[in-house]
Amino acid sequence: MADVRSRNESAWLLPNDGTRTNHRLRQDMRRFADEDELDLVIVGCGAGGSVLLQRLARAGWRVAGLDAGPFWDPDADWVSDEAGSHHLYWTDPRVIAGADPVPMGSNNSGRGVGGSMIHYAGYTPRFHPSDFITRSLDGVGADWPLDYQELRPYYTEIEQELPVAGERWPWGDPHGYPHRPHPVGGNGEIFLRGARKMGITAKVGPVAIANGRFGNRPHCIYRGFCLQGCKVNAKASPLITHIPDALAHGAEVRADAMVTRVAVDERTGRATGVHYVSGGRERFQRAAMVAVAGYSIETPRLLLNSASHRFPDGLCNDFDQVGRYLMVQGAPQTAGRFDAEVRMYKAPPPEVSSEEFYETDPAKDYKRGFAIQTVSPLPITWAEHVAAQGHWGRSLREYMSDYVHWSCLGALCEFLAQPENRVTLADEKDRFGLPVARFAYSQCENDRALMRAAQGVMEDILHGAGADEVITIQRYAHLVGGARMAAGERQGVVDASCRTFAVPNLYITDGSVLPTQGSANPALTIMAVAARTADQLIAGARR
Ligand SMILES: Cc1cc2nc3c(=O)[nH]c(=O)nc-3n(C[C@H](O)[C@H](O)[C@H](O)COP(=O)(O)OP(=O)(O)OC[C@H]3O[C@@H](n4cnc5c(N)ncnc54)[C@H](O)[C@@H]3O)c2cc1C
Ligand code: SF4
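Residues numbered from 1 in each chain as written. Chains lettered and ligands numbered in written order. Predicted model: local features only at pLDDT ≥ 70, side-chain atom pairs only at ≥ 80, totals over all residues. Heavy atoms only, no water.

Draft legend 1. Representation of unusual backbone geometry. For the peptide bond that leads from L162 to P163, omega is -25 degrees, which places it in the cis range. The linkage connecting G205 with the following residue, P206, adopts the cis geometry, with an omega of -10 degrees. Residue position: P206 is located in the loop between β4 (203-204) and α9 (238-241). The backbone of Y295 sits at a positive phi, close to 85 degrees, despite the residue not being glycine. Relative to the helices and strands, Y295 is located in the loop between β9 (290-292) and α11 (298-305). A positive phi is found at R368, a non-glycine position, where the angle reads about 60 degrees. (Helix = DSSP H or I, 4+ residues; strand = E, 2+ residues; numbered from the N terminus.)

Draft legend 2. Structural view of the nonpolar core. Membership of the largest hydrophobic core comes to 148 residues, with the highest contact counts inside it found for L56, V253, V262, L315, F370, F439 and L506. Residues contacting F439, with those up to four places away along its chain left out, are V95, I96, A97, V102, M104, I297, L326, V328, R422, V423 and L479. (Core = buried A, V, L, I, M, F, W, Y, C linked by side-chain atoms within 4.5 Å. Buried < 20%, exposed > 50% of the residue type's maximum accessible area, 1.4 Å probe, protein only. Contact = heavy atoms within 4.5 Å.)

Draft legend 3. Representation of the site of ligand 1 in the model. In the vicinity of ligand 1 there are 39 residues, among which D67, G112, S116, Y123 and A523 approach most closely. Interatomic distance of 2.9 Å between a backbone N/O atom of G48 and an oxygen atom of ligand 1. Separating a nitrogen atom of ligand 1 from a backbone N or O atom of Y123 is a distance of 2.7 Å. Going through the elements one at a time, α4 (47-58), β6 (258-264) and α15 (523-542) are the ones with two or more residues in the shell around ligand 1. (Near = heavy atom within 4 Å. Polar contact = N/O pair within 3.5 Å; in protein donor to acceptor, adjacent residues only side chain to side chain.)

Draft legend 4. Structural view of the environment of Y325. Looking at the element boundaries, Y325 is found in the loop between α11 and β10 (327-330). Judged by its relative accessible area of 16%, Y325 is buried. Taking the C-alpha atoms as reference points, Y325 and Y441, 116 residues apart in sequence, are found 9.9 Å from one another. Discounting chain neighbours no more than four positions away, the residues touching Y325 are A417, Q418, P419, N421, V480, G481, G482, R484 and Q491.

Draft legend 5. Broad picture of the pattern of salt bridges. Considering all chains together, one arrives at 34 salt bridges under this definition. A salt bridge links D28 to R24, with the shortest nitrogen-to-oxygen separation between them at 3.9 Å. Put simply, R452 and E445 hold a salt bridge, and the shortest N to O gap is 3.0 Å. Given a relative accessible area of 48%, E445 falls into the partly exposed group. One salt-bridge network, held together by shared partners, links D3, R7, R55, E157 and E161. (Salt bridge = Lys/Arg side-chain N within 4 Å of Asp/Glu carboxyl O.)

Draft legend 6. Molecular detail of the site of ligand 2. The immediate surroundings of ligand 2 are formed by I209, C220, I221, Y222, R223, G224, F225, C226, C230, V232, K235 and P348. Here the residues of the shell around ligand 2 are counted per class, giving nine nonpolar, one polar and two charged. (Nonpolar A, V, L, I, M, F, W, Y, C, P; charged D, E, K, R; others polar.)

Draft legend 7. Representation of the sheet that holds strand β16 (residues 435-440) within the structure. Reading across the sheet, the three strands line up as β3-β16-β15 and stay open at both edges, with mixed pairing between neighbours. A single partner strand is all that each edge strand has here, and the edge strands are β3 (95-97) and β15 (422-429). For this sheet the average axis-to-axis angle between neighbouring strands, irrespective of direction, equals 30 degrees. Across three bridges, the pairing between β3 and β16 is parallel. Paired with A97 across the bridge in β16 is A440. Here α11 sits on the sheet in contact with β15 and β16, set at roughly 65 degrees to β15. (Pairing = 2+ DSSP bridges. Axes fitted to C-alpha atoms, helices over the stretch in contact; angles between N-to-C directions.)

Draft legend 8. Region of the structure containing the sheet that holds β6. Taken in spatial order, the three strands of this open sheet run β6-β7-β8, and their pairing is antiparallel. Here the strands that pair on one side only, and so sit at the sheet edges, are β6 and β8 (281-286). Strand-to-strand twist in this sheet, taken as the mean axis angle between neighbours without regard to direction, amounts to 25 degrees. Relative to β8, strand β7 (residues 271-278) runs antiparallel, the two sharing six bridges. Note that in β8 the partner of V277 across the bridge is E282.

Draft legend 9. Local environment of helix α12 (residues 379-387). Taken together, the buried positions of α12 are W382, A383, H385 and V386. Projection of α12 onto a plane perpendicular to its axis shows the buried side chains occupying an angular sector of 160 degrees, all on one side. (Arc of directions from axis to C-beta.)

Draft legend 10. Seen up close, the packing of aromatic side chains. In total, this model carries 17 aromatic pairs according to the counting rule given. Relative to W171, the ring of W169 lies with its centre 5.1 Å away and its plane at 75 degrees, an arrangement referred to as edge-to-face. We classify W169 as buried; its relative accessible area is 1%. With a centroid separation of 6.4 Å and an interplanar angle of 50 degrees, the aromatic rings of W382 and Y403 are classed as tilted. With W382 in helix α12 and Y403 in the loop between α13 (393-401) and β14 (406-413), the pair connects residues that are 21 residues apart, well separated along the chain. Of the two residues, W382 and Y403, neither departs from the other in class, the shared state being buried. One aromatic cluster is present, formed by F127, F132, W144, Y148 and Y155 through successive ring pairs. The side chain of R26 reaches across the aromatic face of F71, ending 3.8 Å from its centre. (Phe/Tyr/Trp six-rings, centres within 6.5 Å; stacked < 30°, edge-to-face > 60°. Lys NZ or Arg CZ within 6 Å of the ring centre and 35° of its normal.)

Draft legend 11. Geometry of helix α7 (residues 148-161). End to end, α7 covers 20 Å across 14 residues, agreeing with the expected 20 Å (1.5 Å per residue, within 8%). Turning to α7, its buried residues are Y148, L151, Y154, Y155, I158, E159 and E161. Where α7 begins, one side-chain oxygen reaches toward the backbone nitrogen of Q149, 3.2 Å away; that side chain belongs to D147. (Expected span 1.5 Å × (residues − 1).)

What follows is the structure, encoded as structure tokens:
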């Protein structure tokens with residue numbers, strides 16, 4: 001614990017008087033002028049951007065993070081209510097296309113300081129070593145230009161800083177967690193019981209939810225509003241895990257600042273700063289380096305919108321790689337009805353998970369695999385689940401009044417990276433006059449086979465636990481890729497250090513650089529990759 005505090009004091013910089021925000025830290029924050037040449041300006045203060053900001057501020061860099069959304073104050077801005085939380089999502093217009101278009105909105109990206117982790121569920125598994133070499137191992141996906149061992153120390157660091165709670169993890173690279181597993185609620189117990197019956201190993205965790213006091217952050221109160229932004233400050237998000245320490249070390253966070261373009265000197269080919277809109281005014285922040293961390297749809301969109309004479313097809317897009325290989329995970333959810341009351345809302349939705357089906361099974365006709373987790377939808381999401389089955393009117397009301405008897409599991413299936421699953425620019429413009437993203441998605445047969453297999457296992461688990469009825473809906477979760485890391489500029493947009501091949505002082509440090517996604521939730525890996533890039537930048541500057 002002392003070790004964590006010496007490298008990231010965020011949890012100790014939060015108030016301990018029952019309020020959730022250190023207003024003084026924000027008021028006294030260093031403020032740079034647009035004319036100041038920063039060492040680095042970061043676009044987006046989510047998972048990747050905030051870790052980079054905190055690391056570089058600690059190393060004495062002059063850094064600012066610009067975010068299109070607000071600087072949240074959990075006390076004033078969030079409510080423990082499903083219907084009142086839509087302002088947390090990125091809901092600007094986007095066009096969807098392809099054979100299997102992916103709905104956008106609450107389920108894939110957030111807006112504001114803290115990024116999508118404000119309303120993410122809180123599962124924080126590591127990727128498996130195999131995820132970094134799927135092409136060599138299984139003949140699908142891509143090999144990363146770095147391996148698991150290179151990321152391993154950063155996984156450990158970030159797990160301590162969030163901190164992560166869970167049982168000792170037997171899958172992938174076996175490891176322990178800094179906080180002990182949380183007690184589980186009704187849904188978690190059903191998963192554990194059903195899995196035991198079917199001979200499947202399931203474990204409690206891993207979740208980035210404090211189990212016990214951590215600095216001035218309190219223990220979880222098990223009220224289940226994690227996807228609405230945790231008002232308690234028990235669930236980790238960069239707003240409380242990295243931003244306070246960044247501010248205390250001289251970083252600026254400029255909220256409500258929408259970056260519209262990365263500027264590049266036509267002569268030298270180097271980035272010179274970012275154009276952005278704040279308070280209705282167009283402004284320009286100078287910087288010696290730029291890092292983009294706007295997440296998988298907005299990062300490629302910003303690069304494409306930053307076309308210039310030197311980069312006519314979009315910044316870093318000379319080899320038509322920007323926007324390609326974007327991935328979602330197949331995320332079917334299966335619910336089971338029990339005679340006894342389950343009351344799945346009475347716990348954090350992330351409780352128990354299994355990675356037993358994560359790796360390629362040579363006996364199956366598909367490659368790679370899936371993970372299974374408790375999901376525990378609240379009533380409005382439950383109504384959507386039931387309505388998707390065609391229940392309406394009286395039948396929908398019956399399912400709703402029966403809500404306390406249902407348990408719900410979700411799978412994350414590793415959809416494969418495909419070049420045509422990509423972001424391009426649509427003809428429509430947003431309120432800033434910028435072309436909106438057009439996101440096309442089509443599944444391959446391997447993707448569909450994984451969805452079927454995952455549904456079968458979830459049904460077996462729920463039946464094994466004693467369910468008398470099961471219903472499944474097809475869903476998709478998470479976004480990664482779109483500016484992927486690769487060995488060369490013809491295969492991707494950035495190198496293993498997240499530096500773009502095309503512009504030597506432009507970095508991308510968010511989920512868009514991931515070449516594969518495994519069946520793990522991505523936030524921990526995004527933070528670990530950003531922490532590694534930060535170390536390399538700091539070491540490079542020292543040299
Ligand atoms: C409902 C939901 C549940 C999830 N559950 C989990 C989970 O349990 N575990 C897990 O690991 N992951 C989960 N995720 C995914 C996880 O939150 C994301 O993968 C992760 O936050 C992405 O990190 P990032 O840095 O790439 O982007 P983000 O964290 O999304 O940050 C991007 C930031 O950039 C800003 N931005 C974008 N464009 C611009 C621009 N042009 N100018 C200025 N700012 C800009 C945005 O406002 C945002 O704050 C979940 C996501 C959602 C939506
Ligand atoms: S259940 Fe725990 S982590 Fe989730 S919102 Fe409530 S206090 Fe926060």
